[in-house]
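Residue-level structure breakdown
Here is how the chains run, residue by residue.
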Amino acid sequence: MIEVKKLVKDFGGHRVLDGIDQSVEKGEKIVVIGPSGSGKSTFLRCLNLLETPTSGEILFEGENITDPKVDINRVRRKMGMVFQHFNLFPHMSVMDNIIFAPTHLKLMSKDEAQAKAEALLKRVGLQDKAKAYPNQLSGGQKQRIAIVRALAMSPDLMLFDEPTSALDPEMVGEVLEVMKELAQEGMTMIVVTHEMGFAKEVGTRVLFMDEGKIVEDAPPEELFGNPRTERAKEFLSKVL
Amino acid sequence: MGFFGELQRKFIDDFIVKDRYMELVTGLRNTVIITIFSLILGVAIGLILALFKIVARQNRKFKVLDIIADVYITVIRGTPVVLQLMIWFYVVLFFVSEPIPVAILGFGINSGAYVAEIFRAGIQSIDKGQMEAGRSLGLSYWATMRYIILPQAFKNVLPALGNEFIALLKETSVAGYISVHDLTRGAYNIRNMTYDSFLPLIASATIYLIMVMIISSLLSVLERRLRQGDRS
């Protein structure tokens, strides 16, 4: 589904991503872990070109999206993204947050979009919040709405950038629960997170990143049970 | 004749005789016309200049837009508005005899420089996650700017825009320099006819004050409405 070749990203002379090669198949649930500053968020943000790669190629569904001729807006419709800080639109109601992009881009009529939004809201247990504004919601509710907003575009792939890092501890569970259900339904997911429990339970593969490189790439049992590198052992001993 | 008798005589002489109150009515009408249209022009110019700066900052390919905006803002803010007005009327547009459109142009261009800075700060105050969220949903840069960033920025800058509106209203009082019959000039005309300064000047000042108070209260109503989404 997505193939990354020799991906490099520099920020003002500092190499944040140092030649990433990786490929993700449909239905995989990839969990990316690693110390802060290891480049895992940058890696994720390069996948939908929120960061422009310095060099390398990203193929999404067979198309090289780093080609400047490619209409990135069209590609992004198929890649949902969930942010650490939710980034809901504060001037719109929950319903408008969800249906704005699909209706503005004329992918659905307003009625269709609303029906879909209601169904999705019900799935995350927030059907009574359609008329609320983001600032009336808790962090966990905001993040669940943000997931619904991304899902309303019917993406083929979902990117999660530390979706629970900005939440109060008691709200982490409700967001992870929604993500688990999504995984069970077969969604292809790439998740940057510090939630090792989630990585073990949901991940089909775990990538351990350090200093801009993918240092280990293994199923969770293997990576957590028997890390090959010193760097991964050290990291896991601190977080587990 | 006592003080009040004298005042009454002057009042009749200043405003009633020969329908002299019409000097103020005509002046008020022109002041309102000039203020409203130059505000619209100023907001349009200010928004464009602010977007020039934002786009240039985002993509260095468009650096020239930043330079254009900077030169505009520096020149306009660095010279007195009366002189700008006279330069438009007597130099650049010397062939235009109607002063009101020239006044609208002059004040609008002047206001644009101040509004540009207001908008630029307003757009930059919006969290960059908002742009990222819009783009990640497949919206274009301009669609995200138009529907996600600008409505929030506008709400944030409304108090500053209101101040600009009020400042502009009062600034138009120098339009008389290019022979516009505005509210201030109306008072001045009455003074020339009756040799009384007190009542005409106080009357026109009072009208400005009332207009400013009306604008202020309308703005606070509007602000409260726009804040509704922010209730927590």
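Computed from a prediction, not measured in an experiment: that's the story for all the values here.

**Observations concerning the overall build of chain B**
Helix and strand content of chain B: nine helices and zero strands. Each helix and strand of chain B, ordered N terminal to C terminal, gives the series α-α-α-α-α-α-α-α-α. Since a compact globule built from 232 residues should have a radius of gyration of about 17 Å, the 22 Å found for chain B marks it as more spread out than a globular shape. Dimensions of chain B, computed from the C-alpha atoms along their principal axes, are close to 80 × 50 × 25 Å.

**Re the pattern of salt bridges**
Per the counting criterion, the structure on display carries 21 salt bridges over all chains. A salt bridge links A:E63 to A:R74; the nearest nitrogen and oxygen atoms lie 3.1 Å apart. Of this pair, A:E63 sits in strand 5 (residues 63-64) while A:R74 sits in helix 2 (residues 72-76), and the two are 11 residues apart along the sequence. In this structure A:E63 comes out as partly exposed when scored by relative accessible area, which is 27%. Between A:E234 and A:R231 there is a salt bridge, with its nearest N and O atoms 3.7 Å apart. Of this pair, A:E234 and A:R231 both sit in helix 9 (residues 230-239), three residues apart, which is roughly one turn of the helix. Sharing partners across several salt bridges, the network here consists of A:R45, A:E51, B:K128 and B:E132.

**A look at the packing of helix 3 (residues 94-104) of chain A against helix 4 (residues 110-123) of chain A**
All names here are of chain A. Between helix 3 and helix 4, the least distance of the axes is 9 Å, while the angle of their chain directions is 130°. Classified by the angle between their axes, helix 3 and helix 4 sit oblique to one another. Crossing of helix 3 against helix 4: the hand is right-handed. Of the residues in helix 4, those touching helix 3 at V94, M95, I98, I99 and T103 are K110, A113, Q114, A117, E118 and L121. Residue composition of the contact of helix 3 with helix 4, by class: seven nonpolar, two polar and two charged.

**Comments concerning the side chain of B:Q152**
Within the secondary structure, B:Q152 is located in helix 7 (residues 141-171). When its relative accessible area of 9% is taken as the criterion, B:Q152 is described as buried. Engagement of the side chain of B:Q152 in a polar contact is seen with the side chain of A:H91, the distance being 3.5 Å. Contact partners of B:Q152, with chain neighbours within four places excluded, come to A:P90, A:H91, B:I126 and B:Q130.

**Brief notes about the sheet that holds strand 4 (residues 55-60) of chain A**
All names here are of chain A. Pairing in this open sheet of four strands is antiparallel, and the strands run 2-1-4-5 from one edge to the other. Of all strands in the sheet, those with a lone pairing partner are strand 2 (14-24) and strand 5, marking the two edges. Helix 1 (residues 40-47) rests against strand 1 (2-11), strand 2 and strand 4 of the sheet, and its axis sits at about 120° to strand 1.

**Brief notes about the sheet that holds strand 9 (residues 205-210) of chain A**
Adjacent strands of a sheet form backbone hydrogen bonds with each other and so pair up, either parallel or antiparallel. Residues and elements named next belong to chain A. In space, the six strands of this open sheet follow the order 6-7-8-3-9-10, with mixed pairing throughout. Because the sheet does not close on itself, it has two edges, and the strands there are strand 6 (79-82) and strand 10 (213-218). Averaged over all pairs of adjacent strands, the angle between their axes in this sheet comes to 20°, without regard to strand direction. Relative to strand 8 (residues 188-192), strand 7 (residues 157-161) runs parallel, the two being bridged by five bridges.

**Section: the nonpolar core**
Residues and elements named next belong to chain A. In this structure, I33, I147, M158, F160, M179 and M189 are the most contacted members of the largest nonpolar core, which totals 52 residues. Among the elements that take part in this core, helix 6 (residues 169-184) stands out by supplying eight residues, more than any other. Once residues within four sequence positions are removed from consideration, F160 is found in contact with L44, V82, I147, M179, L182, M189, I190, V191 and V192. Within the second largest apolar cluster, 41 residues are counted, among which are L7, L47, I65 and M79.

**Examining the UniProt feature "transmembrane region" (unreviewed entry) in chain B**
All names here are of chain B. Under the feature "transmembrane region" (unreviewed entry), the UniProt entry names residues 32-55 and 198-222. With 100% helix and 0% strand, residues 32-55 has its two end C-alpha atoms placed 34 Å apart. Spanning residues 198-222, this segment combines 100% helix with 0% strand, and its end C-alpha atoms are found 36 Å apart.

**Overview of the packing of aromatic side chains**
Applying the stated criterion across every chain, the model contains seven aromatic pairs over all chains. On the numbers, 5.0 Å between centres and 75° between planes, the contact of B:F89 with B:Y90 is edge-to-face. Where B:F94 meets B:F95, the ring centres are 5.3 Å apart and the plane angle is 85°; that geometry is what we call edge-to-face. The exposure classification of B:F94 matches that of B:F95, with both residues exposed. Sitting over the face of the ring of A:F89, A:R149 holds its NZ or CZ atom 4.4 Å from the ring centroid. Positioned above the aromatic ring of B:Y147 is the side chain of B:R146, whose terminal nitrogen or guanidinium carbon lies 4.5 Å from the ring centre.

**Describing the interface of chain B and chain A**
On the side of chain A, 26 residues touch chain B, which itself brings 22 residues to the contact. For chain B, the biggest contributors to the area lost against chain A are B:E132, B:S136 and B:L137; these three give 28% of the whole. Our count for the contact surface shared by chain B and chain A stands at one salt bridge. Its salt-bridge partner being B:E132, residue A:R45 comes within 2.7 Å of it at the nearest N-O pair. There are six residue pairs in polar contact (both at pLDDT 80 or more) connecting chain B and chain A. When residues in the side of chain B that touches chain A are grouped by element, the largest group, seven residues, is from helix 6 (residues 128-136) of chain B.

**Side note on the packing of helix 2 (residues 21-58) of chain B against helix 7 of chain B**
Residue and element names in this part refer to chain B. At a minimum axis distance of 11 Å, the contact between helix 2 and helix 7 shows a crossing angle of 135°. Taken together, the axes of helix 2 and helix 7 are oblique relative to one another. Taken as a pair, helix 2 and helix 7 cross one another with a handedness that is right-handed. Of the residues in helix 7, those touching helix 2 at T31, T35, S38, L39, V43, L47, L51, I54, V55 and Q58 are Y141, W142, M145, L150, L161, F165, L168 and L169. Across the contact of helix 2 with helix 7, the residue classes break down as 14 nonpolar, four polar and no charged.

Rules of the game
- Residues numbered from 1 in each chain as written.
- Chains lettered and ligands numbered in written order.
- Predicted model: local features only at pLDDT ≥ 70, side-chain atom pairs only at ≥ 80, totals over all residues.
- Heavy atoms only, no water.
- Helix = DSSP H or I, 4+ residues; strand = E, 2+ residues; numbered from the N terminus.
- Rg over C-alpha atoms; globule rule 2.2 N^0.38 Å.
- Salt bridge = Lys/Arg side-chain N within 4 Å of Asp/Glu carboxyl O.
- Buried < 20%, exposed > 50% of the residue type's maximum accessible area, 1.4 Å probe, protein only.
- Axes fitted to C-alpha atoms, helices over the stretch in contact; angles between N-to-C directions.
- Parallel < 35°, antiparallel > 145°, perpendicular 65-115°, else oblique.
- Left-handed = near helix turned anticlockwise from the far one by under 90°.
- Contact = heavy atoms within 4.5 Å.
- Nonpolar A, V, L, I, M, F, W, Y, C, P; charged D, E, K, R; others polar.
- Polar contact = N/O pair within 3.5 Å; in protein donor to acceptor, adjacent residues only side chain to side chain.
- Pairing = 2+ DSSP bridges.
- Core = buried A, V, L, I, M, F, W, Y, C linked by side-chain atoms within 4.5 Å.
- UniProt positions renumbered as here; feature names shortened; annotations may be inferred.
- Phe/Tyr/Trp six-rings, centres within 6.5 Å; stacked < 30°, edge-to-face > 60°.
- Lys NZ or Arg CZ within 6 Å of the ring centre and 35° of its normal.
- Buried area = accessible area lost by both parts, 1.4 Å probe.

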